Amino acid sequence: MSSLFEKRNTAVATNYRGPTNSIVINEAGSDWYWAVFSVMAASAIVFSVMAAMTPRGERVFHYLTIAIVSVASVAYFTMAADLGSVAIISEFANYSSLPTRQVFYARYIDWVITTPLLLTDLMLLAGLPWSTIIFTIVMDEVMVLTGLFGAITPSSYKWGYFTFGMVAYFFVAWVLIVEARKNAHRLGSDVHRLYIGIAIWTATLWTLYPVAWGLSEGGNVTSSDGEAIFYGVLDLLAKPVFGLWILLGHKGIGMDRLGLVEGRNYLGEGTTGTQREKDVVLGDRHHRDVEANHTHNHHNTTTTTNTTPTTTSTTAAAPVSNNVPTGRVAPPIVESAHRTA
């Protein structure tokens with residue numbers, strides 16, 4: 001019986017990459033990654049159930065949030081299995097004098113997909129135009145990619161990438177806190193209240209990510225297990241908690257107020273039963289009216305054809321003369337030049 005409850009996390013031992021990758025996660029770090037993976041996967045299931053209980057035309061926030069936690073689940077599965085990483089020479093020996101440190105590029109692949117989805121969630125809630133949304137997403141991608149470039153750079157040049165990333169982050173934060181907040185206020189107090197809470201929550205959490213980067217991949221201050229805990233807590237707060245907040249909070253806000261009404265090419269989706277019945281009745285009535293008008297017009301046409309006398313008129317064609325008068329072409333004017341002797 002005791003063997004059923006025996007701890008069997010052998011990921012670190014199974015996927016050990018050799019002595020060159022010195023500062024790596026231990027079994028405790030792998031256990032933590034498995035725990036975060038479980039929460040992400042469970043969140044994807046819960047959000048999918050919530051989406052199934054929502055009319056199809058009102059699921060845009062559900063789909064975005066499901067995608068966020070689903071991608072994060074794959075990333076954390078990879079890191080829990082001690083995969084998706086590379087050994088990078090450490091610039092500093094703050095935590096250990098060992099030469100290299102494990103950097104999970106799987107984390108950045110997660111962020112390059114999920115952070116644009118998070119921003120799309122927020123900016124759609126605020127009703128921002130697509131031009132602003134797209135440009136903000138581009139700046140977000142710059143922020144994530146420069147973080148990756150800096151993490152895999154063994155020299156002090158990594159701090160140049162860090163600077164580029166922070167500039168991009170400040171632009172994203174400005175859009176969320178200033179521009180999007182103003183637009184959300186115009187949509188109503190309930191939209192503004194929901195948006196400002198989630199936006200401040202997100203901006204605060206995202207401010208802590210550079211701190212985690214500086215203590216781990218950047219400055220080599222913490223262990224890989226400490227890095228796992230820091231990033232894992234931030235991701236749990238920024239993804240499942242964020243997703244549950246926005247899905248529950250926007251329930252009383254109509255999609256038409258946010259400009260997110262989707263066209264329907266199928267009967268009844270996104271409408272109440274009474275509205276569906278009205279649509280069916282009006283559709284049948286319109287069809288009958290069209291048929292009646294067509295029959296009436298056909299009957300009138302037939303009657304007119306049978307009762308109208310046929311008259312034939314002959315019209316004499318005017319003779320056409322083939323003698324087209326031609327005009328005389330004037331001779332060219334020749335100017336005489338007088339030479340002065």
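Computed from a predicted model, the values in this text were never measured in an experiment.

(A) Fine view of the packing of helix α4 (residues 105–126) against helix α8 (residues 224–249). Running from N to C, α4 and α8 point in directions that differ by 30°, and their axes come no closer than 12 Å. Taken together, the axes of α4 and α8 are roughly parallel relative to one another. Our pair here, α4 against α8, has a crossing hand that is left-handed. Of the residues in α8, those touching α4 at Arg107, Tyr108, Asp110, Trp111, Thr114, Leu118, Asp121, Leu122 and Leu125 are Glu227, Tyr231, Asp235, Ala238, Lys239, Phe242 and Ile246.

(B) Local environment of unusual backbone geometry. Even without a glycine there, the phi angle at Asp82 is positive, about 60°. Relative to the helices and strands, Asp82 resides in the loop between α3 (60–80) and β1 (85–89).

(C) Looking closely at the pairing of strand β2 (residues 100–104). With respect to burial, β2 is a largely interior element, 5 of its 5 residues being buried. Residue alternation in β2 divides its side chains into two sets, Thr100, Gln102 and Phe104 and Arg101 and Val103, and both sets are buried. In this sheet, β2 lies alongside β1 in antiparallel orientation, the contact comprising 5 bridges. Pairing of Ile89 across the sheet is with Thr100, part of β2.

(D) Quick peek at the packing of α4 against helix α7 (residues 189–218). Between α4 and α7, whose axes approach to 10 Å, the crossing angle comes to 160°. One way to sum up the angle between α4 and α7 is to call them roughly antiparallel. Judged by the twist between their axes, the crossing of α4 over α7 is left-handed. Mapping the contact onto sequence places Arg107, Tyr108, Trp111, Thr115, Leu118, Leu119, Leu122, Leu125 and Ala126 in α4 and Val191, Leu194, Tyr195, Ile198, Ala199, Thr202, Trp206, Tyr209, Trp213 and Glu217 in α7. The residue inventory of the contact of α4 with α7, partitioned by class, reads 15 nonpolar, 2 polar and 2 charged.

(E) Quick peek at a nonpolar patch on the surface. On the surface, Val86, Tyr105, Ile109, Ile113, Leu145, Phe149 and Ile152 cluster together into a nonpolar patch covering about 550 Å² of accessible area. When residues of the nonpolar patch are traced back to their parent elements, those giving at least two are α4 and α5 (130–151). One can find Leu145 in helix α5. Leu145 sits in the partly exposed class, given a relative accessible area of 35%.

(F) Layout of α7. With 30 residues, α7 should reach 44 Å at 1.5 Å per residue; the first-to-last C-alpha distance of 42 Å fits that figure. Looking one or two places after α7, you find Asn220, whose phi comes out positive at around 55°.

(G) Focus on the UniProt feature "transmembrane region" (unreviewed entry) in the protein chain. As recorded in UniProt, the sites labelled "transmembrane region" (unreviewed entry) are residues 32–53, 60–88, 159–179, 191–209 and 229–248. Annotated as 100% helix and 0% strand, the span residues 191–209 places its first and last C-alpha atoms 27 Å apart.

(H) Representation of the environment of Ala238 within the structure. Following the sequence through the fold, Ala238 ends up in helix α8. Overall, Ala238 belongs to the buried group, its relative accessible area being 7%. Setting aside residues up to four positions removed in sequence, Ala238 forms contacts with Leu118, Leu205 and Tyr209.

Rules behind the numbers
Every residue gets a number counted from 1 within its own chain, in the order that chain's sequence is written. For a predicted model such as this one, the threshold for reporting local features is a pLDDT of at least 70, and the threshold for listing and counting side-chain atom pairs is 80 or more; totals across whole chains, interfaces and linings nevertheless cover every residue. Water and hydrogen atoms were dropped before computing side-chain values, which therefore reflect all heavy atoms in the structure. Note on method: axes are straight lines fitted to C-alpha atoms, helices fitted across the in-contact stretch only, with angles between N-to-C directions ranging 0 to 180 degrees. The helix and strand labels rest on DSSP assignments: H or I over at least four residues marks a helix, E over at least two residues marks a strand, and numbering proceeds from the N terminus. An angle below 35 degrees is treated as roughly parallel, one above 145 as roughly antiparallel, one from 65 to 115 as roughly perpendicular, and anything else as oblique. Note: crossing handedness is left-handed where the near helix turns anticlockwise from the far helix by less than a right angle, and right-handed where it turns clockwise. The contact definition used throughout considers only heavy atoms, calling two residues in contact when any of these lie within 4.5 Å. Categorising residues by exposure relies on relative accessible area from a 1.4 Å probe, with only protein chains included: less than 20% of the type maximum marks a residue as buried, more than 50% marks it as exposed, and the intermediate range marks it as partly exposed. In this scheme, strands are said to pair when DSSP sees at least two bridges between them. Three categories are distinguished: nonpolar for Ala, Val, Leu, Ile, Met, Phe, Trp, Tyr, Cys and Pro, charged for Asp, Glu, Lys and Arg, and polar for the others, with Gly belonging to the last. Residues forming no salt bridge and having over 30% relative accessible area are the ones grouped into patches, like charges within 9 Å of each other and nonpolar side chains (Val, Leu, Ile, Met, Phe, Trp, Tyr) within 5 Å. Here the accessible surface of atoms and residues is derived via Shrake-Rupley with a 1.4 Å probe, and residues count as covered only by protein chains that are part of the display. Any carboxyl oxygen of Asp or Glu that lies within 4 Å of a side-chain nitrogen of Lys or Arg is treated as forming a salt bridge with it. What a helix should span is 1.5 Å times the count of its residues minus one. UniProt positions are given in the numbering used here, feature names are shortened, and annotations may be inferred rather than shown by experiment.

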